[in-house]
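Read off the chains here:
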Amino acid sequence: MPDTINIEANRPHDLADIGYGETSRSTMIVDLSAIRSNYRKLQALARSSSCGAVVKADAYGLGAGRIAPFLAYLGCTHFFVADVEEGIAIRSVLPSSAKIYVLHGAMPGMEPAAEQHDLLPILNSRQQLDAWLRHCRRRNRALPAGIHVDTGLSRLGFPMEELQTLAENEQGLSELTTVLFMSQLACAEWKSEVSLQQLYRFRKLTHLFPKSMLSLSNSAGLFAGRQFHFDLIRPGGGLFGFSTSDDPCSSRRKSSVCERRSFSAVN
């Protein structure tokens, strides 16, 4: 397997035709050995947890079609994408045993495609839950999915009270084969009061999903401590050397991207 991926920028037309006297071509070089190093380092931070990979947005623009199978080669079996279309795009390049989670869930009408390509929608709302259960009833099958609860980020996920009510008063959750229960930290880099509050809220609901994998930490959340790791960690940007200014361990990870430019004069 090659150590790098070269991604060349497309030049849609001859720039000389529109008055530019010099043109350049850029090639982005993705260093797979850096991704390997980062993956191993993140694994080592949470030895008791499975290490997944967030490869949404075409692996942050680096090419999920090549990076996802490389991570599978390293032993990764859990992959996260944004939507069903992204999941379909990588299903064919991953082993059939790989689990692909769709973070935004299945949009209306995409439930059959999710099933067809063996994708696991993360259900973020009552509407998505009801739509997935309707699809399961039509198929006369209990199809697996995940549940996302909003513990404080206020972006995606069931409100805590709604999820608690569903579990106590209705049959919906009991009909669902829940394989993953997850939330997302708002201030993940440090063990702050906000993160501790989210940890408490998440733990408060884990008993509702005794057979599910539990996941709370993204890349930065790994550094908040073992109590945040649970069964599955979800590094994304950290795999590729991306970091925030507050990331306490950014210097330990390798950047996976460099750029090469070539210039040519146009007469």
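Residues numbered from 1 in each chain as written. Predicted model: local features only at pLDDT ≥ 70, side-chain atom pairs only at ≥ 80, totals over all residues. Heavy atoms only, no water.

(A) Spotlight on the overall build of the chain. A tally of regular secondary structure across the chain gives nine helices and 13 strands. With 267 residues in all, the chain has 47% of them scored as buried. A separation threshold of at least 6 residues defines the contact pool for the chain, and within that pool the share at least 24 residues apart is 64%. Working note: accessible area of the chain is about 13400 Å², and carbon and sulfur atoms make up 49% of it. (Helix = DSSP H or I, 4+ residues; strand = E, 2+ residues; numbered from the N terminus. Buried < 20%, exposed > 50% of the residue type's maximum accessible area, 1.4 Å probe, protein only. Contact = heavy atoms within 4.5 Å. Areas by Shrake-Rupley, 256 points an atom, 1.4 Å probe, with all protein chains shown as cover.)

(B) Looking closely at the side chain of Thr178. Looking at where Thr178 falls in the secondary structure, it is placed in strand S10 (residues 177–182). Its relative accessible area of 12% is what places Thr178 among the buried residues. Not counting chain neighbours up to four residues away, the residues in contact with Thr178 comprise Ala145, Ile147, Phe209, Lys211 and Ser212.

(C) Representation of the pairing of strand S5 (residues 78–81). Across the two faces of S5 the burial is the same, with His78 and Phe80 and Phe79 and Val81 all buried. Bridging between strand S4 (residues 53–54) and S5 involves two bridges; their strand directions are parallel. Residue pairing for S5: Ala53 is matched across the bridge by Phe79. Relative to strand S6 (residues 99–102), S5 runs parallel, the two sharing four bridges. Looking at the pairing, Phe79 lines up with Ile100 of S6. On the question of chirality, the crossover connecting S5 to the parallel S6 by way of helix H4 (residues 84–91) is right-handed. (Pairing = 2+ DSSP bridges. Right-handed = clockwise from strand over helix to strand, strands pointing away.)

(D) Region of the structure containing the packing of helix H1 (residues 32–45) against helix H3 (residues 64–73). Interaxial distance between H1 and H3 falls to 11 Å at its minimum, and their mutual angle equals 45 degrees. Considering the angle they form, H1 stands oblique to H3. At the point where H1 passes H3, the crossing takes the right-handed sense. Together, Leu32, Ile35, Arg36 and Tyr39 of H1 and Ile67, Phe70 and Leu71 of H3 make up the contact between the two elements. Residue classes in the contact of H1 with H3 are distributed as six nonpolar, no polar and one charged. (Axes fitted to C-alpha atoms, helices over the stretch in contact; angles between N-to-C directions. Parallel < 35°, antiparallel > 145°, perpendicular 65-115°, else oblique. Left-handed = near helix turned anticlockwise from the far one by under 90°. Nonpolar A, V, L, I, M, F, W, Y, C, P; charged D, E, K, R; others polar.)

(E) Molecular detail of the environment of Gln127. With respect to the helices and strands, the residue Gln127 is situated in helix H6 (residues 126–139). Its relative accessible area of 60% is what places Gln127 among the exposed residues. C-alpha separation for the pair Gln127 and Pro108, spaced 19 residues apart in sequence, amounts to 9.2 Å.

(F) Highlighting the packing of aromatic side chains. Across all of its chains, the model carries eight aromatic pairs by this definition. With centroids separated by 5.0 Å and ring planes inclined at 10 degrees, the aromatic side chains of Phe181 and Phe202 adopt a geometry described as stacked. Of this pair, Phe181 sits in strand S10 while Phe202 sits in helix H9 (residues 193–205); the two residues are 21 residues apart in sequence, bridging distant segments of the chain. In this structure, Phe181 and Phe202 share a single accessibility class: buried. (Phe/Tyr/Trp six-rings, centres within 6.5 Å; stacked < 30°, edge-to-face > 60°.)

(G) Examining unusual backbone geometry more closely. The phi angle at Ala57 is positive, at roughly 55 degrees, despite the residue not being glycine. One non-glycine residue, Asn140, adopts positive backbone phi at about 55 degrees. Within the secondary structure layout, Asn140 lies in the loop between H6 and strand S8 (144–150). The exposed category is assigned to Asn140, whose relative accessible area is 71%.

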